[in-house]
Amino acid sequence: MSNPLNLISSVLNATAIGVCVTNESGLIVDANTRYCDYYGLTHSDVIDKPFTDHLPTNIRNKTKALHDEFIRTGTGQTSEWDVFNMQGESLILSTTPTLLEHPDGSRWIVTTVTDITKERQASRELQLLINNTAESYVLMDKRLQILSFNNKFKRLYQQFFNKTVTRGDSILDYAQPERVPMLKTLYDAVLAGAIETSDITVPIQSGQTRTYHLTYAPATDHSGDIVGVFVTANDITESKQQRDLLENNERRYRSLVEHGSDAVVIIDAEGNTTYASPSVEQVLGYRDEELKAMNLFEAMHPDDAEGARNKMSEVMNLPGVPVKGLTARIRHRDGSWRWMEATVTNLLHDPAINGIVDHFRDVTEYYTNEREVNLMAELSRMFRPNKNLNDILSTVVERVKVYDEFKLAEIWLLDSQKTTLSMMANVQTSPDLKTFYEETKRFSQATLAKGLPGITWEARSVMSWSVSQTESNFIRAKEAKKAGIVSAYGIPLIYQQEVIGVVLLGLTTSNIHDRKYKSLFDRISRYLGIEIRRKQLEIELNQLFNIIPDVICIASLDGHLTKVNPAMCRLLKYTEEELLQAPFKDLIHKDDLETCLNELAKLTVKSPTCHFESRFITKKGDVLWALWTSTLAPEHGLVFVTARDITDKKLDEVRIRESNERFERVTLATNDAIWDWDIRNNTLFWGHAYQTIFGHPVKRDEVLSLDAWTSNVHPDDFDRVLASLNAALDNPNETVYTSEYRFQKANGTYANVVDRGYILRDDSGSAVRIVGALSDITERISHITAIEHQNERLREIAWIQSHVVRAPLARLIGFSNMLISKDYHAEEGQQFVEHIRASAIELDGIIRDIAAKSDLFTLESK
Amino acid sequence: MSFETLIVDDDALIIFIHKKLVAKNGFPSEPKTFLNGQTALEYLLSQPNSESQYLVLLDINMPVMTGWELLDNIQDQPIGKRVKVAMVTSSVDRSDKVKADSYPQVVSFLEKPVTNDMLQSLKAHFVS
């Protein structure tokens, strides 16, 4: 046989009960496997450790105190500890200590531990429920001693009687003395199996009172035996007030049911009307006996019948539940359809009613209004951007046509000259309508007062036509009749008090519904007029936006473009997508970016517009100039921007500036003194050469008057020069002034000058400005004199040379003449030939000499 | 009637040619020749009482005294009235011709060399 201790140890380890042995100081001496398992610990984890180590901190002190108490006194009770295992799961453990006297005299405690988590969970939830419920309860045994009560009861008792409820007290001790005999009787009855109730009003501290409804019921055990009394108390202070109110108002409610706008009928299972409130007559026009003879479902509009049937099956499936949302048209006694909104409750099961209660009221006006508002909203949505007007108008007439079974629906719009109405849209959904439009092709335009459209235009108010009218204002009456149209309305489309078009609606019934359609037509007249005009404006604006050569865009202040026009794309060579994606600063020349951003940042509500010039860069990298106008948009964070390409102008400016610079350089380089006399302002400008040539100081941009010139003209020349100038200026056909005179230099000497001026004239031919050049020709004159002098000398030289040449030549001729005359002696002849030869040699020498001298001869400069 | 012919030229060969031509054309006397105006003037001034007429073939440009200076010198002399001058020059300058017109003695303006025809027409001044 094995060791009995081992056996016990094995049993202890196998049991579902945890066992733990602790010494006087609370250290665990031994524990079985189950104990360790509860906490998810091993045997060695717990041995020789304080048992509180594996308990939650909040109960350590308490459990240690219990332990110490138990060691000391040997008495203790089963207690429940909320602990956590190593997995963090919450456990409720029931612990029961037993004192073990060790043979050595020390005291150990053997604690048995069971997991009661599951068991406790249910009762705890109940506890929570009971403690948190609005009801108070108290449970007593047969001797009326209190067994149990919830927190609410305890609190109330404390509140009302300033006493603490204690278990074991007699409930009768808590009652007001005068109520005790009554209560004894009551409890007896309850203990005998009765359920009793009573209301009690108690004062609360603030001087107000509260009323409690008390229920006294017998408490039974599992076997059904009565073991005590269970009392619940409900605070009915508020509900009592409400009930009182209800009772007080009952008459009024009844009155409302009988005479209010809500009609009430009760229908039995077969559909017969068993009750109708008097207000039904006001709503539908039928009298009580008429109603009782009719089936309301049969008076319902056929289109609404299916919806109603579905709603009714829902009602039948939900006995006692009021079902809302049944809306249907019911024929009024006068023949018109009225919209009814019903709340139906199936009370067939209620013996008092035994029927289906149908509360309904006339919502025709409300419903019509709602339908019209919805229609208008729907029509508004049709006017979306990016859709063309004709398509929109076609959709609009189709929708309006089916709104109330109109047979014919057309939209006519006035042209921009306001001379003609043209049919823009109609509906041809059926063959007879196709035929109608085929046959009335001739009538697609109307002038003022022509046809129903023209008449409506003229009248500026809704006009009607009926087949019964003898004098027809409806040009297409014959064809319309063929298509089954017997009445028609012309509705003017109004925008800012102006007729912009007409809507034509045709009906297959005669127009007895003027009143019915008044509000619809009114809405169409205003809303549709506005929508159409807005769309037209949008189209115009879009066209403008798209065709305008100037750049238009919308930029957000976060640096992106949100809308750009084609002109911008064309100018910058980007596509619209590219422009919308890139930050707009990428488009601006980097040197101008700061200016641009500063200008934009300056925009405020008070000064919402700015203008500035900047360069921007095209996709190809070209630099363009633009004049920007930015305006803060009403919408926060947006700027409307327009820009004009001023590149050409800018380049012109640059050209002009360069040209001016060239001109300025020319005036610096030239030997002519450039002058510019503004005649009207008498300002005289001298070019720099005035100083270099004449020595008169020229300050840059110095403004002089004509005196600066006249005072330097030689007195002897002055009258002549001035006369010449005036003659040129006074002749409107003369563009040039020229004069030669002497002009005094700064050093007092006179220079010979040629003065030439180009005269600028205004439209009337008056000289306004003259720009000229004063050339110093002093040198030229002396040069010419020198040349003339030289010529003279040359002439002399030439004469002398010819003279020298002629001398031997004359001899040659003389001797040859003598030879020819033969009037000489023979020996003389020989002599003549010798002379001729000598003269010819002399002549040759002379000519060579002249040629040599010519090479050396240069013109002397002076 | 008779007249004396004077040839004044600084070119000896021209004097030789002219002398030959004068002789050949039947002029009344052997011509007297001078190499400049000065010697010709001295000769003319040395004949104060002579009744004779003088035809002077006068070169313009000569050393010592030009033809013009000779003319100037005889202007106020009695001899001046009996002298007829044919200016003889190697090249004709218009201004010379104009200048020659201002001297009453100048009857002709000839370009060298003088020809028979020229001398014949000069002779006519004295025959008439």
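Since the model is a prediction, treat every value here as computed from it, not as a measurement. (Residues numbered from 1 in each chain as written. Chains lettered and ligands numbered in written order. Predicted model: local features only at pLDDT ≥ 70, side-chain atom pairs only at ≥ 80, totals over all residues. Heavy atoms only, no water.)

With respect to the overall build of chain A
Looking only at helices and strands, chain A features 27 helices and 31 strands. Counting the 862 residues in chain A, one finds 39% classified as buried. The long-range fraction of contacts in chain A, counting pairs at least 24 apart against all pairs at least 6 apart in sequence, stands at 45%. By element, 53% of the accessible surface of chain A is carried by carbon and sulfur atoms, the whole surface being about 49,700 Å². (Helix = DSSP H or I, 4+ residues; strand = E, 2+ residues; numbered from the N terminus. Buried < 20%, exposed > 50% of the residue type's maximum accessible area, 1.4 Å probe, protein only. Contact = heavy atoms within 4.5 Å. Areas by Shrake-Rupley, 256 points an atom, 1.4 Å probe, with all protein chains shown as cover.)

Focus: the packing of aromatic side chains
Residue and element names in this part refer to chain A. Across all of its chains, the model carries 26 aromatic pairs over all chains by this definition. On the numbers, 5.3 Å between centres and 45 degrees between planes, the contact of Phe406 with Tyr517 is tilted. Of the two residues, Phe406 is situated in the loop between helix 14 (389-403) and strand 16 (408-414) and Tyr517 in helix 18 (residues 514-547); the sequence distance between them amounts to 111 residues. Ring pairs connect the aromatic residues Trp686, Tyr690, Phe694, Trp709, Tyr741 and Phe743, which therefore count as one cluster. The ring of Tyr527 is capped by Arg526, whose NZ or CZ atom sits 5.4 Å from the centre of that ring. When the ring centre of Trp625 is taken as origin, the NZ or CZ atom of Lys650, which lies over that ring, is 4.4 Å away. (Phe/Tyr/Trp six-rings, centres within 6.5 Å; stacked < 30°, edge-to-face > 60°. Lys NZ or Arg CZ within 6 Å of the ring centre and 35° of its normal.)

Details of the confidence of the model for chain B
Residue and element names in this part refer to chain B. Of all residues in chain B, 98% have pLDDT values of 70 or greater, and the mean over the chain is 85. Here helix 5 (residues 116-127) is the element of chain B with the lowest mean pLDDT, 82, and strand 2 (residues 32-34) is the one with the highest, 91. Both scores are available for the predicted complex, with the pTM at 0.40 and the ipTM at 0.84. (pLDDT = per-residue confidence, 0-100.)

With respect to the packing of helix 13 (residues 364-382) of chain A against helix 14 of chain A
Residues and elements named next belong to chain A. It is at 9 Å that the axes of helix 13 and helix 14 come closest, and there the two elements cross at 165 degrees. In terms of their interaxial angle, helix 13 and helix 14 are classed as roughly antiparallel. Of the two possible hands of crossing, helix 13 and helix 14 adopt the one that is right-handed. For the pair helix 13 and helix 14, the contacting residues are Thr368, Arg371, Glu372, Leu375, Glu378, Leu379 and Met382 in the first and Ile392, Thr395, Val396, Arg399, Val400 and Tyr403 in the second. Looking at side-chain class alone, the contact of helix 13 with helix 14 contains 7 nonpolar, 2 polar and 4 charged residues. (Axes fitted to C-alpha atoms, helices over the stretch in contact; angles between N-to-C directions. Parallel < 35°, antiparallel > 145°, perpendicular 65-115°, else oblique. Left-handed = near helix turned anticlockwise from the far one by under 90°. Nonpolar A, V, L, I, M, F, W, Y, C, P; charged D, E, K, R; others polar.)

What to know about the pairing of strand 3 (residues 53-59) of chain B
Residues and elements named next belong to chain B. The buried fraction of strand 3 is high, at 7 of 7 residues. Burial of the side chains of strand 3 extends over both faces: Gln53, Leu55, Leu57 and Asp59 are buried on one face and Tyr54, Val56 and Leu58 on the other. Taken together, the 6 bridges between strand 3 and strand 4 (residues 83-89) define a ladder with parallel strand orientation. Across the sheet, the residue bridging to Leu57 is Ala86, located in strand 4. Regarding topology, helix 3 (residues 67-74) serves as the crossover connection from strand 3 to the parallel strand 4, and that connection is right-handed. (Pairing = 2+ DSSP bridges. Right-handed = clockwise from strand over helix to strand, strands pointing away.)

A look at unusual backbone geometry
Across the junction of Lys112 of chain B and Pro113 of chain B, the peptide omega takes the value -10 degrees, indicating a cis bond. With a phi close to 65 degrees, Asp48 of chain A is a non-glycine residue in the positive phi region. Here Asp48 of chain A is to be found in the loop between helix 3 (43-46) and helix 4 (57-73). For Lys418 of chain A, which is not a glycine, the phi torsion comes out positive at approximately 60 degrees. Accessibility expressed as a relative area gives 48% for Lys418 of chain A, which makes it partly exposed.

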